[in-house]
Amino acid sequence: MNEGKNETNGRTAEETVVSRTTLFVQHAIVNLCRLVVAVTFIVSGFVKAIDPLGTQYKIEDYAAAVGIMQPAGSLATLGLSVALSAVEFSLGVLLLFAIHRRVVSRITAVFMAIMTIITLWLWIAEPVKDCGCFGDAIHISNAQTLMKNIVLLASAVIVAWRPLQMVRFISRSNQWIVINYTVLFIVGVSIYCLYMLPLFDFRPYHIGADIKKGMEMPPGEKGPEFETTFIMEKDGERREFSLDNYPDSTWTFIDSKTVQVSEGYVPPIHDFSVVMQPDGVDVTEDLLANKDYTFLLVSPQLEKADDSNFGDIDRIYEYATGNGMNFIGLTASSDEAISRWRDITGAEYDFGITDGTTLKTMIRSNPGLFLLKEGRVIGKWSHNDLPDPASQEFKALIKNGIDNGNFDTAKKVVKVVIWFVIPLFLLTLADRLWAWSSIVRNTRKKNKLYKLLKKKKMRKKIVAGNWKMNLNLQEGVALAKELNEALTAEKPNCDVIICTPFIHLASVAQAIDQNVLALGAENCADKEKGAYTGEVSAEMVKSTGAQYVIIGHSERRSYYAETPEILKEKVLLALKNGLKVIFCIGESLEEREANKQNEVVKAELEGSVFNLSEEDFRKIIIAYEPIWAIGTGKTATSDQAEEIHAYIRSIIAEKYGKAVAEDTSILYGGSCKASNAPELFAKPDIDGGLIGGAALKAADFRGIIDAWK
């Protein structure tokens, strides 16, 4: 007696425990890493997606740092912004649900490798201060970003190492729903936020923010020093001025820039200032202290501002002036751009100059509308969604002093949950409930009768027409078109194939829809190519567009002395060239009368197709054709046909197994007509017919096809 041994596998109990423990730990680590990467990607991708312009600005910072901003262009960077957020968010969701585990885990590892290299460059060169990984939601240094990406890269590599250990939350059959819904959702969110404003505003100028408080320095902190420089032009001369020596109105404003000249605590808002044009008066303090409402039309670049809604802007301007409110345009553009805007829109309001980066931070719209009161942000609107001063919502806003609809973050979170989280949760729940019911389904499948009916249902029903040497080209094309139109109008309950002479194939292929009516040839050569005058190779048949070929028809065997060896070569060449084979077998009248039909059909199968692998044999359709019933008007009774069909299926089962036999379609090919087709097709082992003369007239052929109804 071997103590401590497990007789089943020969390992000690201790070895078994260690093995299981190792597997459990490995499994836990892979899934933990998968969750870390998935959640990070989902959060990072989502915050980028809701602020596509912010992501675009960050991409442009990167592009400018490497000197490719000019060739890239704003449209390209905007498209890259939307694509980057969609890819990141989608990879996170696919990892979370363990969808396409191998491919997704490898793509994620490659993605993180690229991001880690970029952040290494950021850490070394410091071209930008913030990588923008989490948009404006979370700001981290370049060193912190590098550490984060190293952890994520290591986690992604572990997941890619053992992707199949990720636990699936949803079955493979329903994964396409998650994939498509995720991509549509995240791209849709980006488009919505691009057209309107970001769904969630993480910037210091969000609705409800107090700009004055945002500019305050905590007690004891020393702030950094900033210097704003104005580029002005007069008589062709350009010079730089500060606020202390701002020139008179004879100088034309060209541009401005604000730079940090010393380190220190930087408050959330540190670069908000408004200098009115053309007199150069700084009105920042007065603007933030004003107890009345002030409308700010914010446009970082008036040259690129959308002027299609200037009528709505004018109505708001008239409302403001009529109710004793201020209305000011803010821009970083030149006097020339301001004049051009006034010419286009007829604007009568004054303009102030503010730093361009500040304006882009204030609102993700060009132009966008701000509403302030005592320095507090009351409302923000995109130029695509400007308020109507006469509406009840706007009146309530003015009365209450806050845009409650956009200020309520909880409602926005609920919307995201309703539109994305809940649908995927319900899909997952339904999918898991269905998976749990598999026990019942498996129990049913153990029932032999159920298995037989199931396989019969799965086996293809086929009606194939063999035109033989009939119909000229024009007649053949006309018949094919007639059949195609009829079957398109009324879908058949079976697969329909027409096998035509060689000269018809290319023309008929152009005239039919092979999803409705498939095309086949009546024969092919047993040679691949060469000096064989008059022959047509399997490759040539395939090149016409045909999908099927008849091989071994009794007329070829008797008239042209085609031997089993010749037929074997034809079958191999047909399969090699991607054709599906309708292989004919059957006995003569003498063989039937001598009760040798079983021996004959078995020998014909063994001589030409039983040499095939299981994979290749599954591409074979068997057509049993009693030679004594072809073109004679005689027909085997339905019981005779069923008996031989059942025998054929049994010898296929002996060779390839019961599963292959049950999946093989076996057609009857002996003077089948519309009158006897229903009785023949009702038999469990008869899966359709190979039709001769009745296939030459559309009505007769349709009658046989309709027998499956």
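Residues numbered from 1 in each chain as written. Predicted model: local features only at pLDDT ≥ 70, side-chain atom pairs only at ≥ 80, totals over all residues. Heavy atoms only, no water.

**Section: the pairing of strand β2 (residues 237-241)**
Here is step 1: Relative to β2, strand β1 (residues 225-234) runs antiparallel, the two being bridged by five bridges. Bridging across to β2, Ile231 finds its partner in Glu240.
Here is step 2: What sits between the antiparallel neighbours β1 and β2 is a turn of two residues, in which Asp235 has the positive phi angle 55°. (Pairing = 2+ DSSP bridges. Helix = DSSP H or I, 4+ residues; strand = E, 2+ residues; numbered from the N terminus.)

**Some details on the pairing of strand β17 (residues 688-691)**
Here is step 1: The alternating pattern of β17 places Gly688 and Leu690 and Gly689 and Ile691 on opposite faces, both of which are buried.
Here is step 2: Strand direction decides the pairing type here: strand β10 (residues 462-466) and β17, joined by four bridges, are parallel. Residue Val463 lies in a different strand from β17, and its bridge partner there is Gly689. (Buried < 20%, exposed > 50% of the residue type's maximum accessible area, 1.4 Å probe, protein only.)

**Concerning the sheet that holds strand β6 (residues 326-331)**
Here is step 1: Pairing is mixed across the open sheet formed by six strands, whose spatial order is β4-β7-β6-β5-β8-β9. A single partner strand is all that each edge strand has here, and the edge strands are β4 (275-276) and β9 (376-382).
Here is step 2: Contacting β5 (293-299), β8 (368-373) and β9, helix α13 (residues 392-400) crosses the sheet at an angle of about 120° to β5. (Contact = heavy atoms within 4.5 Å. Axes fitted to C-alpha atoms, helices over the stretch in contact; angles between N-to-C directions.)

**Details of the domain arrangement of the protein**
Here is step 1: When the domains of the protein are assigned, the result is domain 1 (16-195), domain 2 (275-401) and domain 3 (483-708).
Here is step 2: For domain 1 and domain 2, the distance between their C-alpha centroids amounts to 37 Å.
Here is step 3: Facing the six residues of domain 1 at the interface are five residues of domain 2.
Here is step 4: For the pairing of domain 1 and domain 2, the buried interface totals around 560 Å² over both sides, and the portion due to carbon and sulfur atoms is 45%.
Here is step 5: For domain 1, the biggest contributors to the area lost against domain 2 are Leu53, Tyr57 and Tyr195; these three give 71% of the whole. (Domains from an automatic or database assignment. Buried area = accessible area lost by both parts, 1.4 Å probe.)

**Considerations on the packing of aromatic side chains**
Here is step 1: In the structure shown here, the tally under the stated rule is 25 aromatic pairs.
Here is step 2: Taking the centre distance of 6.3 Å and the plane angle of 50° together, the rings of Tyr205 and Phe272 count as tilted. Here Tyr205 is found in the loop between α7 (175-195) and α8 (211-214), whereas its partner Phe272 is found in the loop between β3 (252-262) and β4, with 67 residues between them in sequence. The pair formed by Tyr205 and Phe272 is uniform in burial state, with each residue classed as buried.
Here is step 3: Both rings, one in Tyr349 and one in Phe351, keep their centres 5.5 Å apart while their planes meet at 50°; by these two values the pair is tilted.
Here is step 4: Grouping aromatic residues by their ring pairs yields a cluster made of Phe295, Tyr317, Tyr319, Phe327, Tyr349, Phe351, Trp381 and Phe394.
Here is step 5: Against the face of Phe169 rests Arg34, its NZ or CZ located 4.9 Å from the ring centre.
Here is step 6: One residue, Arg162, lies across the ring of Trp161, its end atom 4.1 Å from the ring centre. (Phe/Tyr/Trp six-rings, centres within 6.5 Å; stacked < 30°, edge-to-face > 60°. Lys NZ or Arg CZ within 6 Å of the ring centre and 35° of its normal.)

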